[in-house]
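Architecture at a glance
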Amino acid sequence: MIDVIHAPLKLAADPSRVVVRPFHIPIEAGKVAGRPGRVRRIVDAVLALDPVATEAELDLVLRDFEARHWQTRNVFDLRYAAIERALSLDGATIPHAKRQLIGAYFCHEYSYAAAALMNPSIIPHPDQTGLSGGAIRIAMSLRAVGEGHISSVAFREGILGPGANFELMPEPPFATAADTARELDRGAVEVHRHHDSSLSGTVLFPITEAQRNGLEDLRLVQFTHEDGAVEWIGTYTAYSGSTIRSELLRTQDFRSFIFQPMSGPAARNKGMALFPRKVGGEYMMIGRQDGENLYLLRSKTIDTWGEGELLLTPHYPWEMVQIGNCGSPIELDEGWLLLTHGVGAMRKYSIGAVLLDKDDPSKVLGRTSQPILSPNEDREGYVPNVVYTCGALKQDDMLFVPYGVADSSVAFAWVSIPNLLAGMRAD
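Here we summarise the structure given alongside this text. (Residues numbered from 1 in each chain as written. Predicted model: local features only at pLDDT ≥ 70, side-chain atom pairs only at ≥ 80, totals over all residues. Heavy atoms only, no water.)

Let us look at the packing of helix H1 (residues 38-47) against helix H4 (residues 96-105). Packing of H1 against H4 brings their axes to within 10 Å, and their N-to-C directions diverge by 145°. Considering the relative orientation of H1 and H4, their crossing is right-handed. The residues of H4 that touch H1, namely those facing Ile42, Val43, Val46 and Leu47, are Lys98, Leu101, Ile102 and Tyr105. Considered class by class, the residues forming the contact of H1 with H4 number seven nonpolar, no polar and one charged. (Axes fitted to C-alpha atoms, helices over the stretch in contact; angles between N-to-C directions. Helix = DSSP H or I, 4+ residues; strand = E, 2+ residues; numbered from the N terminus. Left-handed = near helix turned anticlockwise from the far one by under 90°. Contact = heavy atoms within 4.5 Å. Nonpolar A, V, L, I, M, F, W, Y, C, P; charged D, E, K, R; others polar.)

Right, let's talk about the sheet that holds strand S17 (residues 273-274) for a bit. Taking strand neighbours across the sheet as the criterion, the four strands line up as S17-S18-S19-S20 in an open arrangement whose pairing is antiparallel. One side of each edge strand has no neighbouring strand; the edge strands of this open sheet are S17 and strand S20 (309-312). Pairing between strand S19 (residues 294-299) and S20: three bridges, direction antiparallel. Paired with tyrosine 295 across the strands is leucine 310, a residue of S20. (Pairing = 2+ DSSP bridges.)

An α-helical turn contains 3.6 residues, so any two residues separated by three or four positions project in the same direction. In this model helix H2 (residues 51-65) runs 21 Å from its N-terminal to its C-terminal C-alpha over 15 residues, within 8% of the 21 Å that 1.5 Å per residue would give. Residues Thr54, Leu58, Val61 and Leu62 constitute the buried set of H2. Along the axis of H2, the buried positions cluster into a sector of 95°, meaning they face one direction only. Among the exposed residues of H2, those pointing more than 90 degrees away from its buried face are Val52 and Arg63. The elements touched by buried residues of H2 are H1, helix H3 (72-87) and H4. Its side-chain oxygen at 3.0 Å from the backbone nitrogen of valine 52, aspartate 50 defines the N-terminal cap of H2. (Expected span 1.5 Å × (residues − 1). Buried < 20%, exposed > 50% of the residue type's maximum accessible area, 1.4 Å probe, protein only. Arc of directions from axis to C-beta. Polar contact = N/O pair within 3.5 Å; in protein donor to acceptor, adjacent residues only side chain to side chain.)

Turning next to the packing of aromatic side chains. Tallying each qualifying case throughout the model produces 13 aromatic pairs. Judged by centre distance (4.9 Å) and plane angle (50°), the ring pair of phenylalanine 166 and phenylalanine 412 falls under tilted. Pair noted here: phenylalanine 166 is in strand S8 (residues 166-168) and phenylalanine 412 is in strand S29 (residues 409-416), with a separation of 246 residues, a long-range link. Across the pair, exposure class does not vary: phenylalanine 166 and phenylalanine 412 are buried alike. Here tyrosine 236 and phenylalanine 259 contribute two aromatic rings whose centre-to-centre distance is 6.1 Å and whose plane-to-plane angle is 80°, an arrangement assigned as edge-to-face. Highlighted residues: tyrosine 236 in strand S14 (residues 230-239) and phenylalanine 259 in strand S16 (residues 256-261), separated in sequence by 23 residues. In terms of burial, tyrosine 236 and phenylalanine 259 fall into one category: buried. Taken together, the aromatic side chains of Phe155, Trp232, Phe254 and Phe257 make up a single cluster linked through ring pairs. The lysine or arginine in question, arginine 21, covers the ring of tyrosine 110, its NZ or CZ lying 5.7 Å from the ring centre. (Phe/Tyr/Trp six-rings, centres within 6.5 Å; stacked < 30°, edge-to-face > 60°. Lys NZ or Arg CZ within 6 Å of the ring centre and 35° of its normal.)

Taken as a whole, the largest pocket encloses approximately 1,500 Å³ of empty space. Lining the largest pocket are 46 residues, with Arg21, Pro22, His24, Ala178 and Asp179 positioned closest to its centre. Elements with a contribution of two residues or more to the lining of the largest pocket: strand S3 (18-22), H3, strand S4 (107-111), strand S9 (176-177), strand S10 (179-183) and strand S11 (189-192). Of all the elements, H3 adds the most residues to the lining of the largest pocket, at eight residues. Across the lining of the largest pocket, the residue classes tally to 27 nonpolar, 11 polar and eight charged. When its volume is computed, the second largest pocket comes out at roughly 470 Å³. (1 Å grid on protein atoms, 1.4 Å probe; cavity = no way out; pocket = protein on both sides within 12 Å on 5 of 7 lines; lining within 4 Å. Points joined across faces, edges and corners; volume = space filled by probe spheres on them.)

In this section: unusual backbone geometry. The peptide bond linking glycine 161 to proline 162 adopts the cis configuration, its omega dihedral lying at -5°. When you line up the elements, proline 162 lands in the loop between strand S7 (151-160) and S8. In the Ramachandran plot, histidine 149 falls in the positive-phi region, its phi being about 55° despite a non-glycine side chain. Of note, histidine 149 is situated in the loop between strand S6 (136-145) and S7.

In structure tokens:
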């Protein structure tokens, strides 16, 4: 058995973490002959209020919500501006209080992590200044699940080490949604977090039709290009409510983020994980194309992925139903360390590992015959008997593994890499 050190810290769903989001009503909703649509009727009703009633209604809204959110009045102004454009209003003739109140009618408060917080991935933070020896500043992504089981991406920053020590930085009192979307080529969209907001207070919400019902299971990796440039790239599942596809999240500074669709047969599936650099002049991914086995995918371009080659099939009882990856491969002197998840009897999800050849990742050098992490005491939750991660981090000779528990919460553990490799068996 492989010794595991568990951190006392655990993160859980928190309904008090809320953001202000647009409340969308189609402009043409309720429109019939001789009668304006619902949005126009709401706006007309606000415009008809006398100044005293307008101020009273706006004061009530601000009393209820201003202390709960960051720059609430600015959010109302931005939302009003969108309604003004849609209805061709003349804002110069509308008092500011009425504009604010109109904006408020087309916003709502959303608790983005009320249902669950799970399936983290972790990367070294772009800022490593001011740390003591042996410490690493980290950035962690989390799948946050709110009303309607819609998944978004939340972030937390922290300090890892020295040794088996881990501390998360405090969350800011207000969370903010990244916005100011800009359409790019080939269906990509760019969003920005506000210049005054922190990464730990930023939430990335679905923004395109393909993502409407969720951004699921982001697998972040620090990717080094052939010219030495560093970019942080994540793969995630975009869920529309009826269909899925894999997409890329790309950022160079964690201030602007690009949602980039992928194409090709492999992009129709979940759970793709990008290698942190090219191997043999090619981009590589680990994916699961048939719902049961793991495949190695190769491509000349980062956004187009064809059929892969079979890499790994279920072998041990704890993974007999299916296997998949648990994040991007981690480069060691000995090869590529890939965490896997396996599904066994009673649909129990556990975490194991394999070692791939560094020059030819299609060669499996070894794999764990027993899980590294399994549901034991931590097994209750929205989906019981599941432990799952979307990415771990090498810390000296240890592997730091943040992992989701029962699709409900997040726990943390360390595993000795030498012990892990020593416990592997040839495939």
